[in-house]
Amino acid sequence: MTTHSFKPDLPPPRTVVGPWAWLRDNLFASPLHVLLTLLALYLLWLIVPPIVSWAFLEADWVGTSRADCTGEGACWVFIKERFGQFIYGFYPQDQRWRVDLAVWVAILGAGPLFLRKMPHKAWYGIGFLVIFPLVAFWLLHGGLGLEEVPTSRWGGLMLTLVIGYVGITGALPLGILLALGRRSDLPAIKVICVTFIEFWRGVPLITVLFMSSVMLPLFLPEGMNLDKLLRALIMVIFFEAAYIAEVVRGGLQAIPKGQYEAAAAMGLGYWRSMGLVILPQALKLVIPGIVNTFIALFKDTSLVIIIGLFDLLNSIKQATTDPRWLGMATEGYVFAALLFWIFCFGMSRYSMHLERRLDTGHKR
Amino acid sequence: MQTTANAPRSRGSVWTDPRVRAWAFQIIAVAAIVAFGWFLFHNTQVNLERRGIVSGFEFLGQSAGFGISQHLIDYSESDTYGRVFVIGLLNTLLVSVIGIILATILGFILGVARLSPNWLIRKLATVYIEVFRNIPPLLQIFFWYFAVMLSMPGPRQSLGLWDTFFINSRGLYMPSPSMAEGFWPFLIAVLLAIAGIVVVYRRAKAHQEATGERFPVLLTSIALLLVLPGASLLVFGTPFHWDVPQLAGFNFRGGWVVIPELVALMLALSIYTAAFIGETVRSGIQAVSHGQTEAAYSLGLRPGLTLRLVVVPQALRVIVPPLTSQYLNLTKNSSLAAGIGYPDMVSLFAGTVLNQTGQAIEVMAVTMSVYLAISISISILMNWYNKRIALVER
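As the structure is a prediction and not an experimental result, all values here were calculated from the model.

On to the overall build of chain B, then. The number of helices and strands found in chain B is 12 helices and 8 strands. Computed over its C-alpha atoms, the radius of gyration of chain B comes to 29 Å, more than 25% above the 21 Å expected for a compact globule of 394 residues. Over its C-alpha atoms, taken along the principal directions, chain B stretches across nearly 95 × 70 × 40 Å. The buried share of chain B, taken over its 394 residues, is 41%. Across chain B, the fraction of contacts at a sequence separation of at least 24, relative to all contacts at a separation of at least 6, is 68%.

Below, the structure written as structure tokens:
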């Protein structure tokens, strides 16, 4: 009996796999696509080489003053010289370690929250959220043995991060409460929440900030004066809470009625059925929306320039008007854009990761 | 278990009765809000009295006494604050409308490009969207204004395109049309062509319903649009005289001037919003399940027709609501004009007028109500549209 042995498989034809096939399928599939590819290449050729040569090849990296900006391209000396101001604002030089320390506390403290498996994670998280702001406030503002640094001297990236952090941690719980209120059976509560949400969503943040600087002094009793930063923070929290509320409402509406009824049938009261059954499901559904709102909030922090706070953008704007450094606007704004972009892009990537991890496969 | 189930329903204390609780909560909430409102009102009254500010809208009739760099209607320094408000509102609407048009065009191109089978085009669109939507709009406005527009060369070295468009640090100069002898015939020809297209479209539709045959509407329309106005052009002469800007001395004369603030604002807002519109369009098209395309193919529709008759109508249902909210965002973001001094409603009215008159409450109330009115009317329109196109399900 003869045994047949199979001949080894032939490799797939060159037209189906390999770089050439990929090129043909993805770039030159039809005459139209050949044209589009060439157009795109032309566009890239127009855009990329000038940017690269401006930002790297012909840029100045070393030096200490405007006189060292001799190249044709960007002058990063400006950023290097003013780096401290962009990051810390007018925070006193010898106290800047406190800001660094606060950032390290935040990173090290929040680190365990990103671990997959950690015992008592929820309690740790809540504890961190309560304790960290107190520690950070003490470190940044001073008092109790530390030299006091008034908020008017806060600035730069640090101020942007403070507004972003406080805005996010303040707006999320308030937004969830507003969303619950909007879905409430109690008519008075519902009307109050709807009015609040629609008002804040209907006006631009800039008018709200204007209002905080021109109208709040009229609203408050004589002699009572709120800190400028505090006013901005309150306005940012209210404004973004309204947007969060609408996102969360979308999640609440997506939960089938059976879940509400099941929670009620288990004998859970309103707060427990919301907290244990409805919200965990609803919030998971709307993570992308919530993170989008956070990103919007972080971008909106730049508007505090309107009421004269020195956040990252304003610090850079001020630095570009310095007579010793005229003509550095492009470098300054590109640097600011890069910093903002890193934070926003990071947040959006993290939300995508979170979405995938929490996906329990209910999606059709 | 048994006992609780059979026990007579206890009424419990009054405080565990859900109805009593509901009333109590609501009364407390309303009382708190009323008390807070009264507290604010009282403080405001005291403060206004102390500062000697008379509330009311009389100031709208007073003369403004400052110049405005861009006004769509006639304005002089002796005009009233009321007119300043109208100019600000018109400027806001102008930048919003231009921004919306540009952002929609760019956004749709981006959305389609993100789904292109061409790898390079797809990646380019993705990079554009990821870059521009993650940078604050105010920063983009600053960039276009301070880093680009204000660093442009002066009028004498301005950058020109075909010697008709010029851009320099004082703005964008372009030719302006004025009516010529051929204007009215041209207008009538265009209107006739449009009327003709409507008729052709209706007849073609009726014809298809009756016989199933399709009539080339698009080609006929293009032909109509080319032939009729073209004929008028040949017979009656040019419809417009173009006033081309000319360099005279140290500046340009003639034509339209777009102030640099408007150019920067327009660019920044449309580039920023286009990134969001692109994502909206992409998700809308992806929301139409592939089965729909396959079903259309199996019915024998060609790809172009499938896109037009099956995919796009269903995608629009998903796209339009978020698209409107992007338009609304753009309109609200146009208030960032205050950052670079474009004379929009916020910087003119809530800025200059408020500083001059000190009527903080009235000015802020008017400004906010305008924005509120715009957004509430758009959301009413949106709800109506949603109801009209909603799928009727079992």
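So much for the structure itself; the text now carries on.
Here we take up the interface of chain B and chain A. Contacts between the two partners involve 52 residues from chain B, matched on the other side by 54 residues from chain A. The contact between chain B and chain A buries some 4,600 Å² in all, and 75% of this surface belongs to carbon and sulfur atoms. The largest contributions to the chain B side of the interface with chain A come from Asn 134, Leu 139 and Met 368 of chain B, which together make up 13% of the buried area. Applying the counting criterion to the chain B and chain A interface returns 1 salt bridge.

All names here are of chain A. One way to put it is that helix α6 (residues 156-182) packs onto helix α10 (residues 228-254) with a least axis distance of 5 Å and a crossing angle of 45°. One finds that α6 runs oblique with respect to α10. Handedness of the crossing formed by α6 with α10: right-handed. Classifying every residue of the contact of α6 with α10 by side-chain character gives 21 nonpolar, 3 polar and 4 charged.

Attention now goes to the environment of Gly 250 of chain A. Considering the arrangement of structural elements, one finds Gly 250 of chain A in helix α10. With 235 residues separating them in the primary sequence, Gly 250 of chain A and Thr 15 of chain A have C-alpha atoms 48 Å apart.

The next thing to look at is helix α4 (residues 96-110) of chain A. Residues and elements named next belong to chain A. Given a rise of 1.5 Å per residue, 15 residues ought to cover 21 Å, and the 21 Å separating the end C-alpha atoms of α4 matches this to within 8%. Three or more residues of α4 are buried, namely Arg 96, Arg 98, Val 99, Ala 102, Gly 109 and Ala 110. Relative to the axis of α4, the buried residues are bounded by an arc of 165° and lie together on one face. Facing away from the buried side of α4 by over 90 degrees, the exposed positions are Trp 104 and Leu 108. Packed against the buried residues of α4 are α3 (77-88), α5 (121-141) and α6.

A few words now on the domain arrangement of chain B. Parsing chain B into structural domains produces domain 1 (23-52), domain 2 (81-135 + 265-389) and domain 3 (180-242). Its C-alpha centre places domain 2 of chain B at a distance of 31 Å from the equivalent point of domain 3 of chain B.

This part is about the pattern of salt bridges. A full pass over the atoms with the stated rule returns 8 salt bridges over all chains. Here Arg 282 of chain B and Glu 279 of chain B are joined by a salt bridge, their closest N and O atoms 3.1 Å apart. Here Glu 279 of chain B and Arg 282 of chain B lie together in helix α8 (residues 260-287), a separation of 3 residues that amounts to about one turn. Like Arg 282 of chain B, the residue Glu 279 of chain B is buried in the burial classification. Three or more residues joined by partner-sharing salt bridges are found here, namely Arg 182, Glu 198, Glu 246 and Arg 249 of chain A.

Taken as a whole, chain A is organised into domain 1 (18-57) and domain 2 (77-91 + 149-358). Between domain 1 of chain A and domain 2 of chain A, the C-alpha centre-to-centre distance is 39 Å.

A few words now on the nonpolar core. Judged by nonpolar contacts, the single largest core of 171 residues is most densely connected at Trp 154 of chain A together with Phe 66 of chain B. Take this core: its biggest share by element is 14 residues, from α10 of chain A. When sequence neighbours within four positions are dropped, the list of residues in contact with Trp 154 of chain A reads Tyr 88, Tyr 91, Leu 140, His 141, Val 149, Leu 159, Val 162, Leu 229 and Phe 310 of chain A.

With that settled, consider the packing of helix α3 (residues 81-114) of chain B against helix α11 (residues 345-357) of chain B. Residue and element names in this part refer to chain B. Running from N to C, α3 and α11 cross one another at 160°; their axes reach a closest spacing of 7 Å. As far as their axial angle goes, α11 and α3 are roughly antiparallel. For the pair α3 and α11, contact is made by Tyr 81, Val 84, Phe 85, Ile 87, Gly 88, Leu 89 and Thr 92 and by Met 345, Leu 348, Phe 349, Val 353, Gln 356 and Thr 357, respectively.

Another point: the side chain of Thr 104 of chain B. Residue placement: Thr 104 of chain B occurs in helix α3. For Thr 104 of chain B, a relative accessible area of 17% translates into the label buried.

Attention now moves to the packing of aromatic side chains. Centre-to-centre distance and the angle between the planes together describe a pair of aromatic rings. Residues and elements named next belong to chain A. Considering all chains together, one arrives at 25 aromatic pairs over all chains under this definition. Centroid distance Phe 239 to Tyr 243: 5.2 Å. Interplanar angle 50°. Geometry classified as tilted. Residue Phe 239 and its partner Tyr 243 are both found in helix α10; the two are separated by 4 residues, about one turn of the helix. Lying across the ring of Tyr 243, Arg 201 places its NZ or CZ 5.7 Å from the centre.

Here we come to the pairing of strand β3 (residues 171-174) of chain B. Residues and elements named next belong to chain B. Two elements, strand β2 (residues 165-168) and β3, share 3 bridges in a ladder whose sense is antiparallel. The residue bridging Phe 166 from the neighbouring strand is Tyr 173, located in β3. The turn linking β2 back onto β3 is made up of 2 residues. Inspection of the sheet shows β3 paired to strand β8 (residues 256-258) by 3 bridges, in the antiparallel sense. Of the residues in β8, the one forming a bridge with Tyr 173 is Val 257.

Calculation criteria
- Residues numbered from 1 in each chain as written.
- Chains lettered and ligands numbered in written order.
- Predicted model: local features only at pLDDT ≥ 70, side-chain atom pairs only at ≥ 80, totals over all residues.
- Heavy atoms only, no water.
- Helix = DSSP H or I, 4+ residues; strand = E, 2+ residues; numbered from the N terminus.
- Rg over C-alpha atoms; globule rule 2.2 N^0.38 Å.
- Buried < 20%, exposed > 50% of the residue type's maximum accessible area, 1.4 Å probe, protein only.
- Contact = heavy atoms within 4.5 Å.
- Buried area = accessible area lost by both parts, 1.4 Å probe.
- Salt bridge = Lys/Arg side-chain N within 4 Å of Asp/Glu carboxyl O.
- Axes fitted to C-alpha atoms, helices over the stretch in contact; angles between N-to-C directions.
- Parallel < 35°, antiparallel > 145°, perpendicular 65-115°, else oblique.
- Left-handed = near helix turned anticlockwise from the far one by under 90°.
- Nonpolar A, V, L, I, M, F, W, Y, C, P; charged D, E, K, R; others polar.
- Expected span 1.5 Å × (residues − 1).
- Arc of directions from axis to C-beta.
- Domains from an automatic or database assignment.
- Core = buried A, V, L, I, M, F, W, Y, C linked by side-chain atoms within 4.5 Å.
- Phe/Tyr/Trp six-rings, centres within 6.5 Å; stacked < 30°, edge-to-face > 60°.
- Lys NZ or Arg CZ within 6 Å of the ring centre and 35° of its normal.
- Pairing = 2+ DSSP bridges.

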